[in-house]
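# Structural description and commentary
Read off the chains here:
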Amino acid sequence: MEIEIDGKMAQVPDGSTIMDAAQQVGAYIPHFCYHKKLSIAANCRMCLVQVEKAPKPLPACATPATNGMRVFTHSELAVKAQQGVMEFLLINHPLDCPICDQGGECQLQDLAVGYGNSASRFQEDKRVVFHKDVGPLISMQEMARCIHCTRCVRFGQEIAGVMELGMANRNMHAEIMTFVGRSIDSELSGNMIDLCPVGALTSKPFRYAARSWELGRRKSISPHDSIGANLTVQVKNGVVLRVLPRENEEVNECWISDKERFSYEALNSPARLTRPMVRVDGTLREVDWNSALDYVAHALKDIVATHGGESFAALSSPQATLEELYLLQKLTRGLGSGNVDFRPRRRDFSNDGQLGGIPWLGLRFSEIKDLDAALVVGSFLRKDHPLFAQRLRQLAKNWGQVSMLSVGGDDPLIDLHAQVTVSPADLPLALARVVKAAAQFQGETIPAGLDSVEADATSQAIARSLLERNKRAIFLGNAAEQSPQAAQLHALALELARLTGATCGFIGEAANSVGGHVAKALPTALNADEMFAQPRKAYILLGVEPELDCYNPQQAVAALKEAALVVMLTPFNDGAAREYADVLLPTTPFTETSGTFVNAEGRVQSFNGVVRPLGDARPGWKVLRVLGNLLALPGFDYDSSEQVRAEIVPAGEGFVGGLSNDLERGAWLLADAGEGLQRVTDVPIYFSDPLARRAPALQKTRDAVAPTARMNADTLAAIGVTDGVPVRVRQGTGEAVLTARFDETVPARCVRVAAGHPSTAALGAMFGAINVERA
């Protein structure tokens, strides 16, 4: 259709609004309630425009464009209507711009200059709206500023998937509030702060910290999950004070999770390690860099010379940069060891050496919206990958069918087509049922090993969903990768993909779950589990906290305590590391170094440091480079992280090559679930990495409460305990006293106990047999 706006012609598709057409021709129309990612509310009326032959001004955001329509956005009639709306908006608005945190980036402030009067004609008392406490992240202290645009309400309903805010009462008495005094607990809640066009919703951690015009703005990339959200990091006087989303429609759109938004508090934590420390006479003491690195180099040389290269192992966090991972594996192999890995929470490595390439998502994030059906296997989706869950939520709203096979019945806030919740040991069986149903529907031979499997009605519904739709995908989540039967799940997912014509991929746990493969930080000898099951003489740990980040923390800590040398490259000096580390080398977090993350879709995203390193901390790649030089290893002559990256990824490459989820594997045998209780382990969203664990605001949220032993009613009865009773949880040689909690979403004969928290660090494997008794 052709539409004329202020004399400029635009061609827009059917269903477009005047606002869409105006944006196409670059004509600005003032607005508050309109947002391109939210539904149309048309309740602020600020976007009133004149339309030829219309008897009165019309809202541009809600008026459909018609062929031949002529629109005037700055005519006398339009401007008078906009000025009238602005006068009404300012009637009850408090005159507190000088103390408002939104000052300098407030839409109402900006538009009041253009459309407001110099003085108000309103003489009556302004209304007062009392403040509301909705949690540690969002401040609703000055709700008298609210103009009732309802962006926050619509965001909760449409993007976050839960309506935590609503508007009560009418006309002058209308208020935005939570239901019955509840807090705001969504993992995406901080986006409401960005959406609010005034200072009604502001950031509690940032409150009164700085003015927007005092802040320097730097581009960066999220180091947390596998999405690789684009960030704007705001800095004042060399200190990070705020993190905001940087729009990238292909990756994170215009959203970020609360973990990405608020974990910056850990960057300024008192727990930051600012000087190297070496254990002397049983005590860690501060030393200079030369002494610390010289000590490490000589100790490594002596151990390797005495016991051989394989006596040394290196383990990295998957949140480390591509450059750090590359240099770590290069140093390890230079010392004659193949014991290097970046997958501390993995247990099943039987597929190593059989992969057809680098495992990845299987498609681009931007292609998720075009899917017709999706199956997610083994994921606590909302908390593991908030932005990925958000894309699937939009898919389900747009007639796509989303199904889940999970080990926990958490509500993903997605309108699911089907959901099956089983014990971790039965997850391969649940997926096998879907495979068999698909084979039967297709009239193909039943895959070997699945003859005795019975496909139930739900499995058939999932298989039918994948078969009857055009574009479909199967995604393996964190719990599937961490499962002791990860190889079986991968093989079954590939078989289901072959039968249904779907793509198959891994969502990925962390920022460099793909990047670790690109950097070749993979074992040729002992993997992440074996290097602790078969203790080594020396370890280098890069950004990993074994008692919180490993599949079996009990086993990992025991091996580290036996070792002759444990070197930790870490930004922090607190926690259990002080018990077993011989050397602590202060490395920088993502804001103080340059580096690269490769997200789940294989996208290469490099970033620079935004502030100077704190104290004597140094970027991890520099520390590893100097260690390589001191050990006289070849190929460690780098002047910049860009030189390191150039050896891994060709300059200018937007995506890495060699991505493939294919697997060389024949028939499989499904394991028996066995007797007794099984542990179901999730890694809560704010326990998942070192930055989130040390962010004070995040640790005050409901998602950061101490772990409990969660069981369904039958399991509680079998143990002989009730909700709220202390129980003793045992695994191997470790135990923890937790509170028993009733949770009907936990599968039968299972106990859900979270990992990543000091209270459960003494326990064993994330999945497997567990013993629970009354304390």
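Residues numbered from 1 in each chain as written. Predicted model: local features only at pLDDT ≥ 70, side-chain atom pairs only at ≥ 80, totals over all residues. Heavy atoms only, no water.

### So, the sheet that holds strand β21 (residues 472-476)
One open sheet accounts for five strands, arranged β20-β19-β18-β21-β22; its pairing is parallel. Strands with a single pairing partner mark the edges of an open sheet, and in this sheet they are β20 (418-421) and β22 (503-506). Taken pair by pair, the neighbouring strands of this sheet meet at an average axis angle of 15 degrees, ignoring direction. Bridge analysis of strand β19 (residues 401-406) against β20 gives four bridges, and the strand direction is parallel. Paired with Ser-403 across the bridge in β20 is Ala-418. Of the strands in this sheet, β18 (373-377), β19 and β20 are in contact with helix α11 (residues 427-442), which crosses β19 at around 145 degrees. (Pairing = 2+ DSSP bridges. Helix = DSSP H or I, 4+ residues; strand = E, 2+ residues; numbered from the N terminus. Axes fitted to C-alpha atoms, helices over the stretch in contact; angles between N-to-C directions. Contact = heavy atoms within 4.5 Å.)

### As for the state of the cysteines
Each disulfide consists of one covalent bond between the sulfur atoms belonging to two cysteines. Applying the stated criterion to the full structure yields zero disulfides. Residue Cys-33 stays outside any disulfide, its sulfur separated by 3.7 Å from that of Cys-44, the closest cysteine. The structure places no disulfide on Cys-100, whose sulfur is separated from the nearest cysteine sulfur, that of Cys-106, by 6.1 Å. Its relative accessible area of 7% is what places Cys-100 among the buried residues. (Disulfide = S-S within 2.5 Å. Buried < 20%, exposed > 50% of the residue type's maximum accessible area, 1.4 Å probe, protein only.)

### Section: the domain arrangement of the protein chain
For the protein chain, the assigned domains are domain 1 (1-91), domain 2 (277-345 + 513-647), domain 3 (365-506) and domain 4 (678-774). Taken over C-alpha atoms, the centre of domain 2 sits 30 Å from the centre of domain 4. Every contact between the two is made by 16 residues of domain 2 and, on the other side, 22 residues of domain 4. Between domain 2 and domain 4, roughly 1400 Å² of surface is buried when both sides are summed, and carbon and sulfur atoms account for 55% of that area. It is Leu-548, Tyr-551 and Gln-554 that lose the most area in domain 2 upon contact with domain 4, and together they represent 41% of the buried surface on that side. The tally of links between domain 2 and domain 4 comes to four salt bridges. Of the charged contacts, one joins Arg-693 and Glu-545 as a salt bridge, the two residues approaching to 2.5 Å between their closest N and O atoms. The interface formed by domain 2 and domain 4 holds 11 residue pairs in polar contact (both at pLDDT 80 or more) in total. Elements that contribute at least two residues to the side of domain 2 that touches domain 4 include exactly α17 (546-549) and α18 (553-562). It is α17 that provides the largest number of residues to the side of domain 2 that touches domain 4, a total of three residues. (Domains from an automatic or database assignment. Buried area = accessible area lost by both parts, 1.4 Å probe. Salt bridge = Lys/Arg side-chain N within 4 Å of Asp/Glu carboxyl O. Polar contact = N/O pair within 3.5 Å; in protein donor to acceptor, adjacent residues only side chain to side chain.)

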